[in-house]
Each structure stands twice: as C-alpha cells, then as structure tokens.
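Residues per chain, in single letters:
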Amino acid sequence: MSVLKRKEIPVALFAVFGLTVLFAYFSGVKELESISSSLITWPVTLAMFAIILGIAGFVGYHARIVSKRLGGWPYSLEALLAFVITLAAGFVFKPLYDYIVTNIVVTLTVAVTCFVAFYNYTLFFRATRVRTVWVAILIVVSIMFILWMVPVGAMIFGPGFTAVVDWIYAYPNAGGMKALLIVVAVGIILLFIRGCLGYEKSQIGGE
Amino acid sequence: MTLDRLIFLGLIVVLAIPFVHVLGIPIPISPETRKYHQAIIGLPKGCNVLWVTDIDFTLWVEIQGGEIATMKMLFKLMKERQIHLVWTTTGGDTGLPDGRILIHRMIDEYLRPGGFLEGLKYGEDYVLLGWLPGWETSLRGLVTDIHKLAPTDDFGTPIDQIPLMKGIHSGKDFALLGYSSYYVDQYMRQWSDQKVPIIADLSASAVSFAKPWFAKGFVSAYLGGAAACAEIEQLSGYPGPAAAAMDAQILGHIAAVVVLVVPNLYWLTIGRKRGK
Amino acid sequence: MAELEVFTGLLTSSLILMIWSVLYKENRFFRFAEHLSLGSFLGYTVYMALDTMYNKTLVPLVMTGGWSNILVTVFGIMLWLRLVPELRWISRWPLAVLAGISMGVGTRGALSAQLIGQTAMEVIVPGDVMASIGNIVLAIFTIGTIVYFIYTREQRGPQKWLSQIGRLALMVTFGTVMGTFLMGNLAYPIGQIPQLVTWPGYLMSAVAVVLIAIDVFRTQQEKA
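This one's a predicted model, so the numbers in the text were calculated from it and none came from an experiment. (Residues numbered from 1 in each chain as written. Chains lettered and ligands numbered in written order. Predicted model: local features only at pLDDT ≥ 70, side-chain atom pairs only at ≥ 80, totals over all residues.)

A short note on the overall build of chain B
So, point 1. Tallying secondary structure elements over chain B gives ten helices and six strands in all.
So, point 2. Counting only C-alpha atoms and orienting by the principal axes, one finds that chain B spans roughly 75 × 35 × 35 Å.
So, point 3. Looking at chain B as a whole, 58% of its 276 residues are labelled buried.
So, point 4. Counting contacts in chain B only where the partners sit at least 6 residues apart, residues at least 24 apart contribute 70% of the total. (Helix = DSSP H or I, 4+ residues; strand = E, 2+ residues; numbered from the N terminus. Buried ≥ 20, exposed ≤ 12 C-beta atoms within 10 Å, placed from the backbone. Contact = placed C-beta atoms within 7 Å.)

Pasting the structure below:
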C-alpha cells in the first residue's frame, strides 16, 4: 500500500498521459490518435467532478462557521441558503431558477466586476507618474490607444492620427507581442518537461 | 481616500450622462469590422460553421452586440444559403457554464422573437452541443473528433441520432471556425493547424494580443471590443445594445485621458517642485 | 406582468447599489449582497454541472460503456476521495491525469502554432516598400524583446543595445494593452448604469444618495 502512496506515481501518470497526447499529433499513428482523441474528452468529465468537490469545501467551511456561531455567521447562513434555494429551484421549479440566474446571479457577478473599471481610474490617477522616459513612452502610447479605440482620436487629431496608431499597432506592438508569444511558448514547453521529470508538482496537488 | 470616492462618483456621473441625454456620436466602420462582416456573408452555400461562445456574464456585457449581430447574420444565412451551425461553449478559462445560459438567452430573447428561427429545424439546420468544460482540450476535441467529445447534444440526444452531425466529425468538415472570448492564443494553438478560416468576437483587452495572429493569417478577421460590436451592428443592419453604449464609452475614454494627463501635468510642473 | 417588471427593476438596482456601496465604505449591505452572490452563483454552477454530468457522462456510460467512459468515471470518483483525509493521496492520480492531458494539448499547440508559427515570418514584401520597412521594424523589435529576456549572461555591447530596443518594444506593447483594456473594463459599469438611471431603478439610486448623505453628515458631526 505504501508503494501506491509514492509521489513518483502521479508524476509518471502526468508524463504518460501528457506524452501520449503530444506524440499522437506528431507520430501519425492512427491507434495513438484514437487513444489521444478519447483522452482529450476526459477533462470535460473530470471538470464536473472537480466542481462538485469544490462545493463540498464551500459547504463544509460555511457550515462550520454557522454551527459554531463564529464571526459573520449570519452571512454564512445566507450564503448556504442562497446555494440550497438556487440548486433546489433548478430541479424543482425551473422558472424560479431562471429568474434567480438572470436577475440575481448575472447582476451581482457584473456588479462585482465593475470594480475593475473604478480601480482602473484610481490606478491612472495615483500610479502613473512620468518619472522616466520609459514610463513616458508607456503613458503616451496608452493615451494614443485610448483615443484610438473610440472615434474621438480621429475627430480631434484627424485621419493621420488613426494611420499613425494603426502603424504602431501593426508593427512595434506586434513585434513585442510576437516576442512574448515565443517566450511564453518556450515557457510552456519547459514547464511540461519539468512536470514530466518531476521537478514541478504543484499541478498534481503536491508541494 | 476622499479623492478616490470623488473619482468613483465622477465616473458614474460621466457614464450616466448619455443614458439620460443621448449624444449620438457617429461611429465610423473600421476595415477590420468590414473583413469580419465579409467573412460571414461570403460563406459558401450549404457549408458548416462552428461557433464557440466562450463568454461569461461579464464579457457578455461588453460584446453582446457583436455576438447577437453575428448570430442574426448566421441564422439569416441558414435560410438563404442553407448553411449549418454547430454552437457550443467550452467555458473559457473559468470553465463555467455561463456560455450555455447565454446561448439559450440569445435564442429566446433575440433570435426567436425576431423570426430568425422560422422555417429552420433543430438537428438539421443547427445543433447546440451544450457546455463542454476543458477549454483547450475541448477546443482540440471539437476539431479532432467531435463525436467523442460531445456524445450527446445540449438536450441529451445522442449525437449519432442528429441528422446534421452525421456529416460532421472534425475541423475539416467546417468552412468557418468562430468564437467569442477574452483570449486568442489558446484558440490559435488548437485550431490554427486546421487550415480553416477563423473569426473571433473578442474583448477589447484581447485586441493587442490578436495582432500577431492576424498578421500571420491565423485569424482571418476579428471584432475588438464594444466599439467594433457597435460597428458590426450598423454594418449588418441589426442595431442593438452596443451602439447604445458607445456614447458612454466615448465619454469614459475622454475621462480616462483627463485622469492620466492632468495629474502628470501637475506633477511635472508644480508637484515635483514641492516634492510630491 | 408589469408588477413583476417593477419588482425586478427595483431588485436589480438595489443589488447593484449594495455591491457598489463598498466604494463608499465597507457596510452590511455589501456583505449581504456579497454572500448572496457567492451562494446563488455556486448553486447555479452546481446545477449546471450535475445536469451536464448526467447528459454527457452518465447517459453515455450506461448506453455505450467503453473503456474511456468507465476509466474517466473511476478517476472522477477517485477525485472525491480528497475529502477523506486518510485517502487524500488517491486524489493526486486523477489530478495528475487531468494536468498531463491538459499540458500535453497545450504544449502541442505552443510548439506548432506559437513557437514555430510565430518565429517564421516574411520580412521583404515584393512591391510594397512600406510593408517591408514595417516588417523590418517588427523583426528588430521581436528579436530585441527576446534578447531582453536573456538573463544568463551579462548584457553588453550589441546585446545591450538590442535589449534596449526590446525594452522600448515592451513599453509600446504594455501601453497598447493598458489603452485597449480600458474599453473592456468600462463596459461593465456601462452595462449596469442604465438600470440605475431609468425607471424604476432611479428610486433606489435616490435612496442610496440619501443614505450616503446622512452618513456623510453624521461623520462630519462626529468629527466636529
């Protein structure tokens, strides 16, 4: 039994399944491609098992707070009730479920995400000071693209503004982006190799 | 802290102005949007299209105009040119099922009331495959072996029993691959080897990342953000939510430039001397 | 139903204002809305997961079986053993399988489309001088940015100049990202604000303004 607990087994599983999928594409062996196309469907199922596992953690955490009357327990009770009512509505009374999703889930999700916009402006106000030439370039380019994304830039500065920004978008920006894509690709390949050799264990639940 | 609150309040007021008094600032159509429009209306008769709606509720707020206009164009082409649509979601980076809800919402709130479904038959003209979480693995499965990835459609019908899916097995059976998402790289990684035109309805945040792929021809055309969505609404003849929001976008962008420029001007002139 | 529409309008606008109230300061309305959001969102997600699991896993497993369906269901159940402390080690196996498959798929794409696909480029465009000049700029910026990320040797001479070009390219790229991100971020409040300034949402907005005004006045009084 202690053999099965060894950390090398998850590493080996990672390598076997990963390399099977990788080599199936380059090998051209039909049987390997068939196995690979079956394996590719597994994350669909495993993701759903993982979601349900995550819910157990949520319920356990908030149930503990409610049962022991820890700080903020009424809010934990509220979260658990909202969870149970929404889930039950999905199975028992679909119109209520649809109403909850459309008017509560969607509204609250978007409302929370709005903070990104608000803090974007405070970031602009507080954190963007032109202290060096490099920061000046960054801010000038960002202002140009802010005006480029809406018709305002062309209205204020004329069609030449759009042509200049289009050129910056197509060449200098694309150059930097292309390099980042190449560097990221090298990083992904190295991460995969490190995972296969056992140097990276974070993705398999280890330290 | 008070200054931050004033910024928040100021932003809310600035963005609210166009909804109280419409400004009606005209929106010119960009060449990229024209390419996107052409990629759809130029589809050959009888072809198959795959569309992946990988948007969550927050991205829906930004690009719903483009998504709805695209679907209206595709469903109109279904009647005129007998094209077929396979429509699904992989959940994107979050893996969440928001896309599935939004697909049904588009059908129930926009396509059906607008008469776009009249004369069309589910299973023969279009198929919904539902939520296929897994992102890149699901994207790969859609173009390698769609029957293995999605054994049933969104309603539980075995895929082998659906007439449309009998002739669709992999990427080479599609004339166009399309998607809506925050991202570009992941879709290019999994679809670029199919040698099939790819179009994308993207968030504005993906615009800078899309250029290297567009320049290489991996992406044939894309919509970049709410402004492009307003343009496609205009171009396609289906005005919608994106156009209505453009006035607020324009004012918000002007406010951003003010917030960037004014403190820096102050800092470069008076503030630096005072050591602030 | 007109009454339901009015109720829905009041409900959504009050939820938005409860969430946004934290921009003023932390308060009980925000915490109520925050936990409501958490609970209802998870309820919706679990329902969808169970529904999809039934359609796409259980039905095919029962109808057709197959080694793939059986094996993935076994791995899925092993994943749930993470909840049992003594058997937690078993859940590493399906995690490793999931990570391996996902990384294999990603690495294949990164190798072919990203690394090879992006490295190859046409620089000189016959008959188009401007495009050729642009492509030369693009190539120099790409090489400069890659050189910028070389940390294994000290940057001197031509390498240093190339990496400075790379730094310039990165500033332009990040400036582009910063500028283009704004539209996406602005779309979220733009999508919500109409509900606060039109009927019946502006009633809740008025209530919110009054409440904040009372709190500001009270805070001023306490300070005085």
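Describing the interface of chain B and chain C
So, point 1. Taken together, the contacts link 43 residues of chain B with 37 residues of chain C.
So, point 2. A total of seven residues in the side of chain B that touches chain C trace back to one element, the largest contributor, which is helix H1 (residues 2-20) of chain B.
So, point 3. Considering only residue class, the side of chain B that touches chain C consists of 20 nonpolar, 14 polar and nine charged. (Nonpolar A, V, L, I, M, F, W, Y, C, P; charged D, E, K, R; others polar.)

Topic: the interface of chain A and chain C
Interfaces are often sized by the amount of accessible area the parts lose when they come together.
So, point 1. Tallying the contact residues gives 94 residues for chain A and 91 residues for chain C.
So, point 2. Top element by residues in the side of chain A that touches chain C is helix H10 (residues 172-197) of chain A. It accounts for 18 residues.
So, point 3. For the side of chain A that touches chain C, the per-class residue count stands at 72 nonpolar, 19 polar and three charged.

Section: helix H2 (residues 30-39) of chain A
So, point 1. Among the residues making up H2 of chain A, those that are buried are Ser36, Ser37 and Leu39 of chain A. Seen end-on, H2 of chain A carries its buried residues on one side only, within an arc spanning 155 degrees. Those residues of H2 of chain A that are exposed and angled more than 90 degrees off the buried face are Lys30 and Glu31 of chain A.
So, point 2. Residues of H2 of chain A that are buried sit in contact with helix H1 (8-27) and helix H3 (42-67) of chain A, helix H5 (136-144) and helix H6 (146-149) of chain B together with helix H4 (92-119) of chain C. (Arc of directions from axis to C-beta.)

Section: the pairing of strand E3 (residues 126-131) of chain B
Residue and element names in this part refer to chain B.
So, point 1. Across the six residues of E3, five count as buried, placing the element largely inside the fold.
So, point 2. Pairing of strand E2 (residues 84-89) with E3 involves five bridges; the strand directions are parallel. Paired with Thr88 across the strands is Gly130, a residue of E3.
So, point 3. Handedness of the crossover is the feature at issue here: the chain leaves E2, passes through helix H4 (residues 98-111), returns alongside E3, and the resulting connection is right-handed. (Pairing = 2+ DSSP bridges. Right-handed = clockwise from strand over helix to strand, strands pointing away.)

Describing the domain arrangement of chain C
So, point 1. Once the domains are mapped, chain C shows domain 1 (1-64), domain 2 (65-120) and domain 3 (121-224).
So, point 2. Relative placement of domain 2 of chain C and domain 3 of chain C: their C-alpha centres are 34 Å apart. (Domains from an automatic or database assignment.)

A word on helix H3 (residues 67-80) of chain C
Residue and element names in this part refer to chain C.
So, point 1. Relative to the 20 Å expected for 14 residues at 1.5 Å per residue, H3 spans 20 Å between its end C-alpha atoms, a close match to the ideal helical length.
So, point 2. All buried positions along H3 are accounted for by Asn69, Val72, Phe75, Gly76 and Leu79. For H3, the angular spread of buried residues about the axis comes to 130 degrees, placing them on one side. Away from its buried face by more than 90 degrees, H3 exposes Trp67, Ile70, Val74 and Ile77. (Expected span 1.5 Å × (residues − 1).)

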